[in-house]
Amino acid sequence: MDWTHYRFRSLWALPAPPAIVYAALERAEDYPRWWRQVREVRRTDDTTGVIRIRSLIPYDLTFTAREVRRDPAAGVLEIAMSGDLDGWARWTVMPDGTGSLARYDQAVQVNKPLLRRFAVPGRPFFRANHWLMMRAGRRGLAAHLGRGRQAV
């Protein structure tokens, strides 16, 4: 087993229609407004940007995200990642009752030297750190979507 390789899946039930959720998720530069662990998103061109994240473990991860797929009809947003993390991440947004279900899938290789050094003993903490980050992201997006609906 490669202890520096991770696969994640998160499911977010959200109180807004798929088109609204998709529109929020495709604006990565707005993530820091509603997802506190996404510290910075800096676009470098129309399909690429640099993202800096930090969750509970006080260690920044910075990576370049390059758009691979943007398909509103299918509800899919996918990026390739390189830097402290190499791999890919994908959002798939689908109807769920009167709201939406946003599924986040990710497969990454950790390149950050300190995280690689502690790959085996730190793995449970790194997985928990990711889980906490995703929980906060779902809560932040739900609140963000709620504010947007009130303004309409």
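Please read these numbers as outputs of a predicted model, since none were measured by experiment.

1. Side note on a positive patch on the surface
Point 1. The grouping of R36, R39, R135 and R139 at the surface amounts to a positive patch.
Point 2. Examined against the element boundaries, R39 turns out to sit in strand β2 (residues 38-43).

2. Points about empty space enclosed by the protein
If you roll a probe as big as a water molecule over the atoms, it shows you where there is empty space left.
Point 1. According to the stated counting rule, one finds one cavity of 30 Å³ or more in the structure shown.
Point 2. When its volume is computed, the largest cavity comes out at roughly 840 Å³.
Point 3. Together, 47 residues line the largest cavity, and I53, F63, M81, Y104 and Q106 are the ones closest to its centre.
Point 4. The element best represented in the lining of the largest cavity is strand β4 (residues 61-71), accounting for seven residues.
Point 5. Of the residues in the lining of the largest cavity, the class split is 30 nonpolar, eight polar and nine charged.

3. Looking at a nonpolar patch on the surface
Point 1. Together, M1, W3 and V120 make up a nonpolar patch on the protein surface, roughly 350 Å² of accessible area in all.
Point 2. Examined against the element boundaries, M1 turns out to sit in the segment before β1 (5-14).
Point 3. M1 sits in the exposed class, given a relative accessible area of 71%.

4. So, the nonpolar core
Point 1. Counting 37 residues, the largest nonpolar core has W12, L25, W35 and W91 as the members making the most contacts within it.
Point 2. When residues in this core are grouped by element, the largest group, six residues, is from helix α4 (residues 119-151).
Point 3. In contact with W12, other than residues within four places in its own chain, are W34, W35, W91, S100, L101, A102, M134, G137, R138 and L141.

5. Comments concerning the sheet that holds strand β6 (residues 85-96)
Point 1. Within the open sheet, the seven strands sit side by side as β1-β7-β6-β5-β4-β3-β2. Their pairing is antiparallel. What marks the edges here is a single partner per strand, and that holds for β1 and β2. Strand-to-strand twist in this sheet, taken as the mean axis angle between neighbours without regard to direction, amounts to 20°.
Point 2. Pairing analysis gives six bridges linking strand β3 (residues 48-53) to β4, with the strands arranged antiparallel. By the bridge assignment for β4, V50 is matched with T64.

6. Remarks on the environment of P15
Point 1. Among the secondary structure elements, P15 is positioned in the loop between β1 and α1 (18-26).
Point 2. Sequence separation of P15 and L141 is 126 residues, and the distance between their C-alpha atoms is 9.7 Å.

7. Describing the packing of aromatic side chains
Point 1. Per the counting criterion, the structure on display carries seven aromatic pairs.
Point 2. Taken together, a centroid distance of 4.7 Å and an interplanar angle of 65° make the contact between W12 and W91 edge-to-face. Here W12, found in strand β1, pairs with W91, found in strand β6; they are 79 residues apart in sequence, far enough to count as distant. Take W12 and W91: they sit in the same class, and that class is buried.
Point 3. With 4.8 Å between their ring centres and 55° between their planes, W91 and Y104 make a pair best called tilted. Remark: Y104 occurs in strand β7 (residues 99-110) and W91 occurs in strand β6; sequence separation between them is 13 residues. We note that W91, like Y104, is buried.
Point 4. Clustering of aromatic rings is evident, with ring pairs tying together W12, Y31, W34, W35, W91 and Y104.
Point 5. Sitting above the plane of the Y59 ring, K112 keeps its charged end 5.1 Å from the centroid.
Point 6. For R123, the ring lying beneath its charged end belongs to Y6, and the centroid distance is 4.2 Å.

Rules and cut-offs
Residues numbered from 1 in each chain as written. Predicted model: local features only at pLDDT ≥ 70, side-chain atom pairs only at ≥ 80, totals over all residues. Heavy atoms only, no water. Patch = residues over 30% accessible without salt bridge, like charges linked within 9 Å, V, L, I, M, F, W, Y side chains within 5 Å. Areas by Shrake-Rupley, 256 points an atom, 1.4 Å probe, with all protein chains shown as cover. Salt bridge = Lys/Arg side-chain N within 4 Å of Asp/Glu carboxyl O. Lys, Arg positive; Asp, Glu negative; His and termini not counted. Charge placed at Lys NZ, Arg CZ, Asp CG, Glu CD. Helix = DSSP H or I, 4+ residues; strand = E, 2+ residues; numbered from the N terminus. 1 Å grid on protein atoms, 1.4 Å probe; cavity = no way out; pocket = protein on both sides within 12 Å on 5 of 7 lines; lining within 4 Å. Points joined across faces, edges and corners; volume = space filled by probe spheres on them. Nonpolar A, V, L, I, M, F, W, Y, C, P; charged D, E, K, R; others polar. Buried < 20%, exposed > 50% of the residue type's maximum accessible area, 1.4 Å probe, protein only. Core = buried A, V, L, I, M, F, W, Y, C linked by side-chain atoms within 4.5 Å. Contact = heavy atoms within 4.5 Å. Pairing = 2+ DSSP bridges. Axes fitted to C-alpha atoms, helices over the stretch in contact; angles between N-to-C directions. Phe/Tyr/Trp six-rings, centres within 6.5 Å; stacked < 30°, edge-to-face > 60°. Lys NZ or Arg CZ within 6 Å of the ring centre and 35° of its normal.

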